[in-house]
Amino acid sequence: MTLTATATTATAPAPAGAHPKTGTVEIRCPDGGWLAVCGPDDLTPGRGVAALLPDGSQAALFLDRAGRIHAISNRDPFTGAQVLSRGLTGSAAGRPFVASPLLKQRFDLATGDCLDDPEVSVPAYGVRVRGPERKAAQGAGRAH
Amino acid sequence: MTTTHPHPGTAAPGATPTLVLIGHGMVGQRFLEELADRGVTGRARVVVLCEEPRPAYDRVQLTSYFAGRTPDELSLVDPDFLARHGIELHLGDPATAIDRTTRTVTARSGLTVRYDALVLATGSYPFVPPVPGSDSKGCFVYRTIEDLLAIEEYAEHARTGLVVGGGLLGLEAAGALKGLGLRTHIVEFAPRLMALQVDEGGGRALRRTVEEMGLEVHTGVGGTEIVADEAGAVTAMGLSDDSRIETDLVVFSAGVRPRDQLARECGLPVGQRGGIIVDEQCRTDDPAVYAIGECALAADGRVYGLVAPGYDMARVVAGEVAAQLDDAVHGGPDAARQPGFTGADLSTKLKLLGVDVASFGDAHGATDGCLDVVYSDARSGVYKKLVIGATGELLGGVLVGDADSYGMLRPLTGSVPPVAPEQLVLPAGAGAPAALGPEALPGDAVICSCHNVTKDAIQSCETLPEVKRCTKAGTGCGSCVKMIGKLLPDSGEQGLCACFPHTRAELYEIVRVRRIASYAELLDAHGREEARGGEGCEVCKPAIGSVIASLAPAVGADGYVLQGEQAALQDTNDHFLANLQKNGSYSIVPRIPGGEITPEKLIVIGEVARDFGLYTKITGGQRIDLFGARVDQLPVIWDRLVAAGFESGHAYGKALRTVKSCVGETWCRYGVQDSVRMAIELELRYRGLRAPHKLKSAVSGCARECAEAQSKDFGVIATANGWNLYVGGNGGASPRHADLLAQDLSDAELIRLIDRFLMFYIRTADRLERTAAWLERIEGGLDHVRDVVVHDSLGLCDELEALMAAHVTHYRDEWAETLADPERLARFVSFVNAPGAPDPSVRFVPERDQVKPDLTLLAGPTLPVRTLEGTSV
């Protein structure tokens, strides 16, 4: 099984299994600008981290096994708590997701759609890795 | 004698290619089925010439004819198979000549067929040693149903029978003669029975058992002549040691030889000791002629007398023929060829005369540097030998008298067994752990070696009939049927989640016996096909994280749950070693063993709570919960707690929580034992033990039961004589009173029993199954659990105790360990891009002189929360 990126994916292309060790992970903010948040080494496969965005909102970044980085909102829409970055990740039908650590609803990491409630979604953000060895890799993202 | 005749006449019709198969035995029939599967029968004329008067039957089960199976029941050919596929089968009409220049085959009836491809599946013939008089009346071979019919008829007037050959078939024949009521002798030239399959020790065990059945065994001697009376009927056989055995009937079963006469006569090369020489594609020197099964001398220089390699060859040639047809149609080059036949496993398992005999791999220990592990019990006729290679890998083995483990051992051949080899040969109950379960086998392990069917293929089916229909597994020698039963679900879907088809208990076994310490490795090797290589899911990750943590010392994993990949498996609570609360803050519960705490420690807790503004509450488990810590505060708070001598209380884990206690005999005028001392001892022993669900315990100092031990997973109540142990209690939504497991135990007995009980629970419970539900569910209930942990009915107790001992030895405080690891500490930040910044959404407002979460900060489009019962807001 491979994880397939869709046209709306908010992922930074990277070679499977090995994300770049150098450079800067950047996230596309709701205002359209790119914000450097961390180095690739700050991410652990299968876990998330939270990032504070300039407008005070929060993003959750995840690194998957294939080396792709995803970003969605950190806010769990079911409770209002800023906790999605602390959920467990998984994949269903080849698409990576995170399960909220509070009430376990799952969110697609590429689109932000809630897998357990078709009417709910959270913002998904574009991600790219900029660095000396890699040119900016564009993720389209669904800007909100 | 044509049974099906869709293409009348003998000439090949114009454009349709013709395929001729000589021989309709087991391998021939399999070849036809493989052709049909590939659609070849629809595109080519298929003609079969068969010497025997009946279509292919199960020669492996030939002897079962004497047990009442009719020839029809032995048939391998569905009644409409030939007609459905338009196959012309000529029974009782063997091929007599092949002309390779004109590409024609002539049969005894005069029938001549031109072929485009010719497949020889002529099998073998019984070898009759050159003993004078071997053509006397009353001499038989043991190969076909017709042979059996003749033996049966002749035996009606015989009292004694003699079988020449103490190999596999010889023993079968001897069993048959005995079944016919004859006094039966076995004469074997080799020094032991089944010399090819078993070693000297196995041969001795086998001989003993065979003799106990009343058969007379003569080894190390050969027949020199057959004595006949005036009518030409057998009366005795003379032996090479100048002795003589009176007998009315002789069956030659001294091995078989490839039937390669047709091939020799048409100039095809054959081996020095017989067998039509073929390459890996089973092609003879003539590219239009193939040979498969026992008549072929395979590319590895061997003639295979077993059915499984023959089936494999049938598959190869059917693939070749199909590919050639495709090439002819599409004009393409050699399409993607299947792998050829390069050799086969000679493993066998049989029930001979009621004795299990199995051999597999390098049964004779021919490999350089190999060592034997032998268990031999001549009294009960059990002999087991494993051949272990220089690096500990299982190379092969011999099992006589008890071959139950064959199904497990054969697939492990070539790998290092998950447990010590001596444990694999010891009988159950002799200090050995439970035999390996089928769940320990990898998905590609071959379960049915006759039909080369893997565990995965079997598990794609639901029922045994379905397995037999879809995969043919279990329809050959039948030795795998028991194993297949174990691999099939009892009912319905049992898997843990969409990633694993196994239950938690099965995954525990896989992790344990295969010593897998990595989730990714487990998922990629044992997960459902569609889940392999993926991310896993939120259900199995923590469950497997817990299993690996439970088994950490035994499987070589780090007991620290945040080590390496294990960190990504943990629920947020385990990941931050604290309990997530509704506003994203965490609560902290230091361990207070037995609920006993010094004033100094109590003061430290108070000071920490005050300094960090934590809401403080006494828990039901006799400890103190501190609420409202931000993730970045956790290390600072724990730095102070650890300095004061506190450890993690594992309130966040599926692990031992507390062992509550009453004050006991030290202070209480009713108390009969020191319940606090015991509670502290138990809590310190089992702290940090990861389990399928949380574990609670209590110790009461007398029968008044102030510690409420009977509502705990394991509860202890003091008696005048010691301790009573109760298990399976629960509070919560469905309360359950605990059951009495054992009474009046000493300290040591109590602890030993709890060790066993907890480890047995951890081993067999489902994910998130408390001991109460587990005890209700497990087959046999409390009685079974008592049998296992008190009476050691499964022989497991030593191992369960060893696992617990390893846990106790390897316990380390998770918080102390975390504080000592700067890299780990770096993860305790609210924001990766602002490590010093507190999370502005985690704020508090006053409530009853303490704090509570400020939920207004979380406001916004908060959604109704879905619950199982419905929607609440």
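Caption draft 1: Broad picture of the overall build of chain B. When helices and strands are tallied, chain B shows 28 helices and 40 strands. The 873 residues of chain B split such that 55% are buried. Here chain B displays about 36,100 Å² of accessible surface, and carbon together with sulfur accounts for 51% of that area.

Caption draft 2: Structural view of the overall build of chain A. In terms of regular secondary structure, chain A is built from zero helices and 10 strands. Counting helices and strands in the order they occur from the N terminus, chain A gives β-β-β-β-β-β-β-β-β-β. Within the span of chain A, comprising 144 residues, buried residues form 58% of the whole. Pairs at least 24 apart in sequence give 48% of the contacts found in chain A among residues at least 6 apart. Total accessible area on chain A is roughly 5,300 Å²; 53% of this is exposed by carbon and sulfur atoms.

Caption draft 3: Molecular detail of the nonpolar core. Residues and elements named next belong to chain B. Judged by nonpolar contacts, the single largest core of 79 residues is most densely connected at Phe31, Leu120 and Ile292. The biggest single contributor to this core is helix α9 (residues 307-330), with 10 residues. Those residues in contact with Phe31 that sit more than four places away from it in its chain are Leu19, Leu21, Val119, Ile292, Ala314, Val317 and Ala318. In terms of nonpolar packing, the next biggest core, distinct from the first, is built from 67 residues, Cys497, Ile510, Val547 and Leu682 among them.

Caption draft 4: The arrangement of the packing of aromatic side chains in detail. On inspection of all chains with the given rule, the structure shows 14 aromatic pairs over all chains. With 5.9 Å between their ring centres and 70° between their planes, Phe760 of chain B and Trp774 of chain B make a pair best called edge-to-face. With a gap of 14 residues between them, Phe760 of chain B in helix α23 (residues 747-764) and Trp774 of chain B in helix α24 (residues 771-777) connect regions that are remote in the sequence. The pair Phe760 of chain B / Trp774 of chain B is uniform in exposure class, with both members buried. By the ring-pair criterion, three or more aromatic residues cluster together here, those being Phe576, Tyr586, Trp638, Trp815 and Phe828 of chain B. Over the ring of Phe97 of chain A we find Arg106 of chain A; its NZ or CZ atom is 5.3 Å from the centre of that ring. We note Arg257 of chain B situated over the ring of Phe127 of chain B; from NZ or CZ to the ring centre the distance is 3.9 Å.

Caption draft 5: Quick look at the packing of helix α22 (residues 675-686) of chain B against α23 of chain B. Residues and elements named next belong to chain B. The N-to-C vectors of α22 and α23 enclose an angle of 35°; their axes lie 12 Å apart at closest approach. In terms of crossing hand, the pair formed by α22 and α23 is right-handed. Residue-level inspection shows Arg677, Met678, Glu681, Leu682, Arg685 and Tyr686 of α22 in contact with α23, the latter providing Asp747, Leu750, Ile751, Ile754, Asp755 and Leu758.

Caption draft 6: Molecular detail of the pairing of strand β23 (residues 371-377) of chain B. Where β23 of chain B meets strand β24 (residues 382-388) of chain B, seven bridges bridge the pair, whose relative direction is antiparallel. If you follow Tyr375 of chain B over to β24 of chain B, its bridge partner there is Lys384 of chain B.

Caption draft 7: Just the pattern of salt bridges, in detail. All names here are of chain B. Under the criterion given, the structure shown has 51 salt bridges over all chains. The residue Arg690 makes a salt bridge to Asp574 at a minimum N-O spacing of 2.9 Å. Remark: Asp574 occurs in helix α19 (residues 572-576) and Arg690 occurs in the loop between α22 and β33 (695-700); sequence separation between them is 116 residues. What makes Asp574 buried here is its relative accessible area of 7%.

Caption draft 8: A look at the interface of chain A and chain B. Contacts between the two partners involve 41 residues from chain A, matched on the other side by 46 residues from chain B. In terms of surface lost to chain B, no three residues of chain A exceed Arg65, Arg86 and Leu88 of chain A, which account for 22% of the buried area on that side. With its nearest N and O atoms 2.4 Å apart, the salt bridge here joins Asp524 of chain B to Arg65 of chain A. Put simply, chain A and chain B have 16 residue pairs in polar contact (both at pLDDT 80 or more) between them. Where the side of chain A that touches chain B is concerned, the elements lending two or more residues are β2 (34-38), β3 (48-52), β6 (88-92) and β7 (95-99) of chain A. Residue classes in the side of chain A that touches chain B are distributed as 23 nonpolar, nine polar and nine charged.

Caption draft 9: Quick peek at the pairing of strand β4 (residues 95-99) of chain B. Bridge count for β4 of chain B against strand β5 (residues 104-107) of chain B is four bridges, and the pairing is antiparallel. Within the sheet, the bridge partner assigned to Ala97 of chain B lies in β5 of chain B and is Thr106 of chain B.

Caption draft 10: Here's a closer look at the confidence of the model for chain A. Residue and element names in this part refer to chain A. The predicted model of chain A averages 79 in pLDDT, with 76% of residues at 70 or higher. Ranking the helices and strands of chain A by mean pLDDT puts strand β4 (residues 58-63) first, with 96, and strand β10 (residues 127-130) last, with 91. With pLDDT under 50 throughout, residues 1-18 is counted as low confidence; its partners more than four residues away or in other chains account for 62 contacts. Here residues 133-144 is a poorly scored stretch, pLDDT under 50, and it has 38 contacts once near neighbours within four places are set aside; other chains count.

Caption draft 11: Layout of the sheet that holds strand β6 (residues 112-114) of chain B. Residue and element names in this part refer to chain B. The three strands lie next to each other as β4-β5-β6, forming an open sheet whose pairing is antiparallel. Two strands bound the open sheet, and with one partner strand each, they are β4 and β6. Ignoring which end each strand starts from, the neighbouring axes of this sheet average 20° apart. In terms of strand pairing, β5 meets β6 through three bridges, oriented antiparallel. The partner of Val105 across the bridge, within β6, is Val113.

Caption draft 12: Inspection of the environment of Gly613 of chain B at higher detail. Note on placement: Gly613 of chain B falls in the loop between α20 (599-612) and β30 (615-618). Put simply, Gly613 of chain B and Gln850 of chain B are 237 residues apart on the chain and 7.8 Å apart in space, counted from C-alpha to C-alpha.

Caption draft 13: Just the sheet that holds β10 of chain A, in detail. Residues and elements named next belong to chain A. Strand order in the open sheet formed by three strands is β2-β1-β10, with antiparallel pairing between adjacent strands. Looking at the sheet topology across the chains shown, the edges are occupied by β2 and β10. For this sheet, the mean inter-axis angle between neighbouring strands, taken without regard to orientation, is 35°. Both strand β1 (residues 24-28) and β10 contribute to a ladder of four bridges, which runs antiparallel. By the bridge assignment for β10, Val25 is matched with Val129.

Caption draft 14: Examining the packing of helix α15 (residues 504-514) of chain B against α23 of chain B more closely. Residue and element names in this part refer to chain B. At a minimum axis distance of 6 Å, the contact between α15 and α23 shows a crossing angle of 105°. Considered as vectors, α15 and α23 are oriented roughly perpendicular to each other. Of α23, the residues touching α15 (which contributes Arg504, Ala505, Tyr508, Glu509 and Arg512) are Ile762, Arg763 and Thr764.

Caption draft 15: Up close: the environment of Tyr142 of chain B. Residue and element names in this part refer to chain B. Inspection of the secondary structure puts Tyr142 in the loop between β9 (139-141) and α5 (145-155). Residues Tyr142 and Pro126 lie 16 residues apart in sequence; the distance between their C-alpha atoms is 7.4 Å. Apart from the residues within four sequence positions on either side, Tyr142 is in contact with Leu62, Thr63, Phe66, Asp147, Leu148, Ile151, Leu169, Glu172, Ala173, Ala176, Val251 and Phe252. For Tyr142, the side chain forms a polar contact with the side chain of Thr63, separated by 2.8 Å.

Caption draft 16: The arrangement of unusual backbone geometry in detail. All names here are of chain B. Phi is positive for His650, which is not a glycine, with a value near 55°. With respect to the element layout, His650 can be found in the loop between α21 (634-643) and β32 (656-661). On the accessibility criterion, His650 (0% relative accessible area) is buried.

Criteria and thresholds
Residues numbered from 1 in each chain as written. Chains lettered and ligands numbered in written order. Predicted model: local features only at pLDDT ≥ 70, side-chain atom pairs only at ≥ 80, totals over all residues. Heavy atoms only, no water. Helix = DSSP H or I, 4+ residues; strand = E, 2+ residues; numbered from the N terminus. Buried < 20%, exposed > 50% of the residue type's maximum accessible area, 1.4 Å probe, protein only. Areas by Shrake-Rupley, 256 points an atom, 1.4 Å probe, with all protein chains shown as cover. Contact = heavy atoms within 4.5 Å. Core = buried A, V, L, I, M, F, W, Y, C linked by side-chain atoms within 4.5 Å. Phe/Tyr/Trp six-rings, centres within 6.5 Å; stacked < 30°, edge-to-face > 60°. Lys NZ or Arg CZ within 6 Å of the ring centre and 35° of its normal. Axes fitted to C-alpha atoms, helices over the stretch in contact; angles between N-to-C directions. Left-handed = near helix turned anticlockwise from the far one by under 90°. Pairing = 2+ DSSP bridges. Salt bridge = Lys/Arg side-chain N within 4 Å of Asp/Glu carboxyl O. Buried area = accessible area lost by both parts, 1.4 Å probe. Polar contact = N/O pair within 3.5 Å; in protein donor to acceptor, adjacent residues only side chain to side chain. Nonpolar A, V, L, I, M, F, W, Y, C, P; charged D, E, K, R; others polar. pLDDT = per-residue confidence, 0-100. Parallel < 35°, antiparallel > 145°, perpendicular 65-115°, else oblique.

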